[in-house]
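Residue-level structural notes
Spelled out from the first residue to the last, the chains are:
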Amino acid sequence: MQLILPRQKSRYWKVFWLCFAVAAALFLPHCIADAAFGGGYFHYAGDFNDQQINFYQYANAFVKQGGSFSWATDLGSGFVNSYSFYLLGSPFFWLTLWVPARLMPWMMVPLLCLKIALAGGGAYLWARRWVRREDWSVVAACLYAFSGFTVYNIFFNHFLDVVALFPYLLASLDDAVLDGRRDAFPFWVALNLVNNYFFFAGQAVFLILYFLCMLAARAYRVGPRSFAVLAGETLLGCAMGCVLLLPAGLSLLQNPRTIDPFNGYGYLLYGSPQQYGAILYSAFLMPDAPYFKDLFQEGVLKHTSMTVYLPLVGVVGGVAFCRARRSHPFTYILKACVLCAFVPVLNSAFYALNSSYYARWYYMPVLVLCGATACALSRPHLAERQVPRAWRLVALVTASSALFALVPNTDADGNFKLGVVDLQPRFWGIFAVSILGVLLFRLLWGRERNRRDWSRRLLAGVLAFSFFYGTVHLSLTKYPQWQTDGDLIAETWDSVAEIEESLPRDAFYRIDAYGAHNNLGLWFDRSCLQFFNSTVAPSIMEFYPSVGVTRDVNSKPDVQNDGLRGLLSVRYMLVAKDSAGDWAAEDLTGWTACGETSAYLLYRNDNWVPMGFTYDYYLTQEQFESVPEEERVRVLMRAVLLDEDQIRRLDGLLEPLPEEELADRSDERYAADCGERRLSAALEFTATRTGFTARTNYAQEELVFFSVPCDDGFTATVNGQPADIEKVDHGLMAVRVPAGAADIVFTYHTPGLALSAGVSLTGLAVYAGYLLLLHFKRKRKQNADPC
């Protein structure tokens, strides 16, 4: 097996610009449609619209202004922990800082094109060692750049950062082991880690698997000394890249979504048999929109990134290669990954053994599959025997998916219907494109395989088909939500100036939204109750469920829960004009119309309570649990919830809430409680980019409540003296304040950031010294052996 890089002129930049051009062509028609009919910049669907666009524009502005605490993130959260998973460590994000934040929505498509181009370039660098012929390495690179996984995850955007950077990590590992290059591997380890700690956990597992399979196939020959050096370089790379890892880890350990272990059969079997069918067909059918279920209805299927589809060639080359080269490391890797995909505990090994199902590690075996495909198709002696057999298998499995649309079935009312697919036209469109790819490949194979420029002709077919199926996929994902997202720009980007003029800045307050898009707070730089981000302050995850609000990946408290609006200092409601009828049907009291903008009707909360107020009573956990969940917030407007230890420590400061008070939860009593809290509010409250300050002047010592998530990063002072922060109401904060004038300062420092930054800086210094040492060793060797 030839393991030395071929001494041919690199075609890296050719691959880069080729992939960039095809990606640009793929997005161009949709950009034109958005410019003509959608109000401006390219918008897509789901997470891309609700998270990716506004995360980029908000983080761009926040980083430039500086700070540690983001008030516009849900009820308020540490900026580093909230955005390190999405973009904060991404080199693509930092590249955009030269662009004004206001223009970031227009940068999303160029960034996507750049990521796809870099993915192709990296795949080429990795593949050229194993494929051995430059033209076929280009084919492998383009297959990876436009694989189903890449096209599917445009929806998530920041997943493509990982897809783009991973091939460079894998190529640097090969360079380190096979060529003895002791310089690049730590850098790529560090960059992939800082880019996304969640995906890096899966990359670490895959690298171990890759390394072991290479050893088993004797492609790698590593002695104890070489292994020790490689291990040291790995640790050095992890040290350099851990700047965001420790803060994120400390936060995630408190997040209930990350603690979801398996139980019993769950380790070995998926809960639905359809999950196995979905995994199988993900290699044969082009991916559907991430939020649809077509072929299978049961199991965890939506938003999982479950696809290993390759444009035009499918898995024909991979199957042929594995049959012909049974002892090749690629065969070992692909077979091991198939096993991992079908066994829940092995699949979850790429996600720290969390039982929530995802297939977001598939891009790694997809890269190997692309290499195996190019190897198979570039070797005539192998291809002639195995490709036809593999093609027949792929054609048969792909065609068999049509049975799911033809089997007899009944609907919910017992009436006959044909098929079990979700929507027949959509399924047949996906089927038609997939089977067309199978047939076109067979036609190309039959007519062109003996030509000298066979690789170029196949490359042209792959790129043309990538454009075709990519356009179909983008259309299936984008245009079903066209009606829903047609007003996205009007309600967000276009409304910023109007909202700024319409809402006062005389005091701090939160806003809420009805019938509008997610994450409006990021656009308007205000805390908003409707918020979509799964890595916010963990205490938000604790508080909301305690008052009957589901909090998983987003915060969406029901509008009927008016008590929550008083407790959380919500002053204005933004009602999207196209939802005005639904708002009127809610028949809510306590809201007064106070204006409108082009996109919104504005309502003022009659029971608004300013931030920072006191209580006369406290509530025990037993009393709290005796109240129905949906009405608990009304009681929290009357008394603060304390635990037993706090009750002892704060003895005499508050009175216990009389039992008879628990029963009175009427609208009138709620309004009266809000009025009392308003009278006891702090004289001033100022939100800062590092926390908040407040000024009070009470006749006696008080416990002042702030509806701010309690986070380990907060410290507090009262009149310059350190003060204990009380965690109350299952996740919010309060502080003891003396009688008379008092200045309160809460300061937020990201927990673990200083330590992790110190480790990273130390790692960078060691790496710099290591590079110098390698440089001098190379020079000494050259001087000793000038020939």
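Below is a short write-up of the structure.

What follows is about the pairing of strand E17 (residues 702-706). Burial runs high along E17: 5 of the 5 residues are buried. Burial of E17 is two-sided: the residues Glu702, Val704 and Phe706 facing one way and the residues Leu703 and Phe705 facing the other way are all buried. In the sheet, strand E11 (residues 613-614) pairs with E17 via 2 bridges, with the strands oriented antiparallel. Across the sheet, residue Phe613 finds its bridge partner in E17, namely Phe705. Pairing between E17 and strand E21 (residues 732-737): 5 bridges, direction antiparallel. By the bridge assignment, Phe706 is partnered in E21 with Met733.

Judged by pairing direction, the sheet is mixed, and its 4 strands sit side by side in the order E5-E8-E10-E9 without closing on themselves. Strands with a single pairing partner mark the edges of an open sheet, and in this sheet they are strand E5 (510-514) and strand E9 (591-596). Averaged over all pairs of adjacent strands, the angle between their axes in this sheet comes to 30°, without regard to strand direction.

Counting 248 residues, the largest nonpolar core has Trp126, Tyr210, Tyr362, Phe441, Leu458 and Leu567 as the members making the most contacts within it. Of all the elements, helix H5 (residues 108-131) adds the most residues to this core, at 15 residues. The residues contacting Tyr362, other than those within four sequence positions of it, are Phe149, Ile279, Ser282, Ser305, Met306, Thr307, Val308, Ala341, Asn347 and Tyr357. Listed in part, the 24 residues of the second largest apolar core include Phe69, Phe685, Phe692 and Phe746.

Moving on to the pattern of salt bridges. Tallied over the entire structure, the rule returns 36 salt bridges. A salt bridge links Asp673 to Arg638, with the shortest nitrogen-to-oxygen separation between them at 2.9 Å. Taken as a pair, Asp673 in helix H31 (residues 667-679) and Arg638 in the loop between helix H29 (632-636) and strand E13 (639-641) lie far apart in primary sequence, 35 residues in all. For the pair Asp673 and Arg638, a shared accessibility class is recorded, and that class is buried. Glu684 is the salt-bridge partner of Arg695, the closest N and O atoms lying 3.0 Å from each other. Here Arg695, found in strand E16 (residues 691-698), pairs with Glu684, found in strand E15 (residues 684-688); they are 11 residues apart in sequence, far enough to count as distant. You can call Arg695 partly exposed: its relative accessible area is 34%. For Glu684, a relative accessible area of 41% gives the class partly exposed. A single salt-bridge network, built from bridges that share partners, covers Arg129, Asp175, Asp179, Arg181 and Asp183.

Attention now moves to the layout of surface pockets. Taken as a whole, the second largest pocket spans an internal volume of roughly 630 Å³. Residue lining of the second largest pocket: 24 residues in total, with Ala283, Val308, Val315, Leu334 and Val338 positioned closest to the centre. Elements represented by at least two residues in the lining of the second largest pocket include exactly helix H13 (274-281), helix H14 (316-324), helix H15 (329-342) and helix H17 (363-377). The element that contributes the greatest number of residues to the lining of the second largest pocket is H15, accounting for 6 residues. The residue inventory of the lining of the second largest pocket, partitioned by class, reads 19 nonpolar, 2 polar and 3 charged.

For the rest of this paragraph, the subject is the sheet that holds strand E14 (residues 655-656). Taken together, 3 strands build an open sheet; the order of strands is E13-E12-E14 and the sheet is parallel. Each edge of the sheet is formed by a strand with only one pairing partner; in this case those strands are E13 and E14. As paired elements, strand E12 (residues 617-619) and E13 share 3 bridges and run parallel to each other. Bridge pairing in E13 places Tyr618 opposite Val640.

Within the secondary structure, Arg551 sits in the loop between helix H25 (538-546) and strand E7 (554-555). At 2.8 Å, the side chain of Arg551 and the side chain of Ser555 are in polar contact. In this structure Arg551 touches Asp74, Phe531, Asn533, Ser534, Val536, Ile540, Met541, Tyr544 and Pro545, once residues within four positions along its chain are discounted.

In this section: helix H11 (residues 224-241). Three- or four-residue spacings in an α-helix give side chains the same orientation, since the helix completes a turn every 3.6 residues. Taking 1.5 Å of rise per residue, 18 residues should cover 26 Å, and H11 covers 26 Å from first to last C-alpha, within 8% of that figure. When we look at burial in H11, the residues that qualify are Leu230, Glu233, Leu236, Gly237, Ala239, Met240 and Gly241. Here the buried face of H11 lies against helix H8 (159-178), helix H9 (184-195), helix H10 (197-216) and helix H32 (753-784).

Looking now at the state of the cysteines. Summed over all chains, the structure comprises 0 disulfides. Free of any disulfide, Cys113 has its nearest cysteine sulfur in Cys31, 7.9 Å distant. There is no disulfide at Cys238, and the cysteine sulfur nearest it, in Cys242, is 8.5 Å away.

This paragraph deals with the side chain of Gln530. Counting through the fold element by element, Gln530 comes out in the loop between helix H24 (520-524) and strand E6 (531-532). Residue classification places Gln530 among the buried residues on the basis of a relative accessible area of 10%. One polar contact links the side chain of Gln530 to the main-chain carbonyl oxygen of Pro557, over a distance of 3.5 Å. Beyond its immediate chain neighbours, meaning those up to four positions away, Gln530 contacts Asp512, Ala513, Asn519, Ser555, Lys556, Pro557 and Arg565.

Parameters and conventions
- Residues numbered from 1 in each chain as written.
- Predicted model: local features only at pLDDT ≥ 70, side-chain atom pairs only at ≥ 80, totals over all residues.
- Heavy atoms only, no water.
- Buried < 20%, exposed > 50% of the residue type's maximum accessible area, 1.4 Å probe, protein only.
- Helix = DSSP H or I, 4+ residues; strand = E, 2+ residues; numbered from the N terminus.
- Pairing = 2+ DSSP bridges.
- Axes fitted to C-alpha atoms, helices over the stretch in contact; angles between N-to-C directions.
- Core = buried A, V, L, I, M, F, W, Y, C linked by side-chain atoms within 4.5 Å.
- Contact = heavy atoms within 4.5 Å.
- Salt bridge = Lys/Arg side-chain N within 4 Å of Asp/Glu carboxyl O.
- 1 Å grid on protein atoms, 1.4 Å probe; cavity = no way out; pocket = protein on both sides within 12 Å on 5 of 7 lines; lining within 4 Å.
- Points joined across faces, edges and corners; volume = space filled by probe spheres on them.
- Nonpolar A, V, L, I, M, F, W, Y, C, P; charged D, E, K, R; others polar.
- Polar contact = N/O pair within 3.5 Å; in protein donor to acceptor, adjacent residues only side chain to side chain.
- Expected span 1.5 Å × (residues − 1).
- Disulfide = S-S within 2.5 Å.

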